[in-house]
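# Architecture at a glance
Residues per chain, in single letters:
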Amino acid sequence: MTLYKWSQTAENNATADSSINWQEGQAPSSVNDSGRAMMASIAKHRDDIAGAIVTGGTATAYTVTSYEAFDTLVRLNGQIIAFTPHATNGGTVTLNVDSLGPKPLRSAPATELMAGTLIQGTPYLALYNHSDAAFYLHGFYGNPYNVPLAAGMDFWGVTAPNSAFAFPAGQELDRTTYASLFAIVGTTYGSGNGSTTFNLPDKRGRVSAADDDMGGSSALRLTSAVAGFAGDTLGAAGGSQSQTLVTANLPAYTPAGSVSVTVTSTSANVQNNIGGTASANLAGGATDYAQKNSSIITSTGTGTFTGTAQGGTSMPVRTVQPTIICNYIMRII
């Protein structure tokens, strides 16, 4: 009762399965037995692809015992096995079905699974390809809970996780090879060579902002007059890591105020001539004079001043927010 032995050519199924006899001239009981055997075979296949089989082995070498009990890897070719990992995978994984030997379990050709890809208790489908002796996760990148095509995220590794992702640095991609991605982004981020290629966004050294009108609002939060680019145009880029301040960047300000002044004279002796000539007095010949002491004179005053308008210097001012650097990945296939 093995569904995988059945042929797509009807006449070959007369004796394709030893438990099912569809040869001509059978007795009614044989027909009944064959019908029931077919039902059992289909039930085994149903349960093999349901995901209820829990793996054994280790977190990097899973084992599975199927209901159909495949007898060779050739028979397993093109067949799907659903399984639920007993443990989250720890890195590169092999899958051994019905003790036919461990084979790599991958997400794509030559792309090994990263640790934590397969989550304990979550069902997965794997298809065996005998030509390269490997299992492939069935529809893994089509899962809506994974990263959608043209989406991106922070990535803290050194290299992209697999060929489905790239670091978007403005590089050119072929429009045919990446036709699905091209259908989504077109030439928004660059037209490449103008005919056969297109560009990915250049995310290097930039943070992202959502399109200002993606929610239907006409009010812009990023405008050309202030931000230097329009916030309602996909692919628009601007901003700088510093700004040089000039007088026009500062609020209008003209220094003004008042001052107060206090002037105090020092005391001095003054000699007044009483008799004799001026020349004699100066020569010291006169004896008739009188000495008077001057008094201390103190005076005060007030005034106003108007200064020169003040401004900043040409020193650049940093405008970078607190930042940590990482890689950024974008799904391209």
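Quick notes on the rules
- Residues numbered from 1 in each chain as written.
- Predicted model: local features only at pLDDT ≥ 70, side-chain atom pairs only at ≥ 80, totals over all residues.
- Heavy atoms only, no water.
- Helix = DSSP H or I, 4+ residues; strand = E, 2+ residues; numbered from the N terminus.
- Buried < 20%, exposed > 50% of the residue type's maximum accessible area, 1.4 Å probe, protein only.
- Contact = heavy atoms within 4.5 Å.
- Areas by Shrake-Rupley, 256 points an atom, 1.4 Å probe, with all protein chains shown as cover.
- Pairing = 2+ DSSP bridges.
- Polar contact = N/O pair within 3.5 Å; in protein donor to acceptor, adjacent residues only side chain to side chain.
- Phe/Tyr/Trp six-rings, centres within 6.5 Å; stacked < 30°, edge-to-face > 60°.
- Lys NZ or Arg CZ within 6 Å of the ring centre and 35° of its normal.
- Salt bridge = Lys/Arg side-chain N within 4 Å of Asp/Glu carboxyl O.
- Core = buried A, V, L, I, M, F, W, Y, C linked by side-chain atoms within 4.5 Å.
- Patch = residues over 30% accessible without salt bridge, like charges linked within 9 Å, V, L, I, M, F, W, Y side chains within 5 Å.

## Overview of the overall build of the protein
- Broken down by element type, the protein carries four helices and 19 strands.
- Here the protein, with 333 residues, has 25% of them falling under the buried criterion.
- Of the contacts made within the protein by residues no fewer than 6 positions apart, 64% connect residues no fewer than 24 positions apart.
- Accessible surface, the protein: about 21,000 Å² in total, of which carbon and sulfur atoms supply 55%.

## Observations regarding the pairing of strand 2 (residues 61–64)
- The two faces of strand 2 differ: Tyr62 and Val64 on one face are buried, but Ala61 and Thr63 on the other face are not.
- Strand direction decides the pairing type here: strand 1 (residues 56–57) and strand 2, joined by two bridges, are antiparallel. Within strand 2, the position partnered with Gly57 by the bridge is Tyr62.
- Here strand 1 hands over to strand 2 after three residues, the two strands then running antiparallel side by side.
- The pairing of strand 2 with strand 4 (residues 93–97) spans four bridges and is parallel.

## Observations regarding the pairing of strand 7 (residues 124–129)
- Where burial is concerned, the two faces of strand 7 differ: the one with Tyr124, Ala126 and Tyr128 is buried and the one with Leu125, Leu127 and Asn129 is not.
- Two strands pair when backbone bridges link them, and strand 3 (residues 80–83) and strand 7 are joined in this way by four bridges, in the antiparallel orientation. If you follow Phe83 over to strand 7, its bridge partner there is Tyr124.
- Inspection of the sheet shows strand 7 paired to strand 8 (residues 134–137) by four bridges, in the antiparallel sense. Pairing of Ala126 across the sheet is with Leu137, part of strand 8.

## Concerning the sheet that holds strand 10 (residues 165–166)
- Strand order in the open sheet made by the three strands is 9-19-10, with antiparallel pairing throughout. Edge positions in the open sheet fall to strand 9 (152–155) and strand 10, since each of these has one partner strand only.

## A closer look at the side chain of Ser34
- Along the polypeptide, Ser34 turns up in helix 1 (residues 28–48).
- Here Asn21 takes part through its backbone oxygen, which lies 2.9 Å from a polar atom of the side chain of Ser34.
- Ser34 has contacts with Ile20, Asn21, Trp22 and Gln26, leaving out every residue within four places of it along the chain.

## Focus on unusual backbone geometry
- Within the chain, Ala110 stands out as a residue other than glycine whose phi angle is a positive 65°.
- With respect to the helices and strands, the residue Ala110 is situated in the loop between strand 5 (103–108) and strand 6 (111–112).
- Positive phi, close to 50°, is recorded for Ala133, a residue that is not glycine.
- Locating Ala133 in the fold gives a position in the loop between strand 7 and strand 8.

## Points about the packing of aromatic side chains
- Under the definition given, this model contains five aromatic pairs.
- Taking 6.4 Å as the distance between ring centres and 45° as the angle between the ring planes, the aromatic pair formed by Tyr62 and Phe83 counts as tilted. Placement of the pair is Tyr62 in strand 2 and Phe83 in strand 3, with a sequence separation of 21 residues. Of the two residues, Tyr62 and Phe83, both sit in the buried class.
- Three or more aromatic residues joined by ring pairs make a cluster, and in this case those are Tyr62, Phe83 and Tyr124.
- Here the basic side chain of Lys203 rests over the ring of Tyr328, its NZ or CZ set 4.5 Å away from the ring centre.

## Section: the pattern of salt bridges
- One pass over the full model with this rule turns up five salt bridges.
- The salt bridge partner of Glu112 is Arg106, with a shortest N-O separation of 2.9 Å.

## Structural notes on the side chain of Arg106
- Along the chain, Arg106 falls in strand 5.
- The buried category is assigned to Arg106, whose relative accessible area is 17%.

## Comments concerning the nonpolar core
- Counting residues in hydrophobic clusters, the biggest one holds 21 residues, and the most contacted among them are Phe83, Leu95 and Leu105.
- Elements supplying a minimum of two residues to this core: strand 2, helix 2 (73–76), strand 3, strand 4, strand 7 and strand 8.
- Listed in part, the eight residues of the second largest apolar core include Leu173, Phe198, Leu200 and Ile332.

## Side note on a nonpolar patch on the surface
- On the surface, Val259, Val261, Val263 and Phe305 cluster together to form a nonpolar patch covering roughly 330 Å² of accessible area.
- As for its placement among the helices and strands, Val263 is situated in strand 14 (residues 256–264).
- Classification of Val263 by relative accessible area gives partly exposed; the value is 47%.

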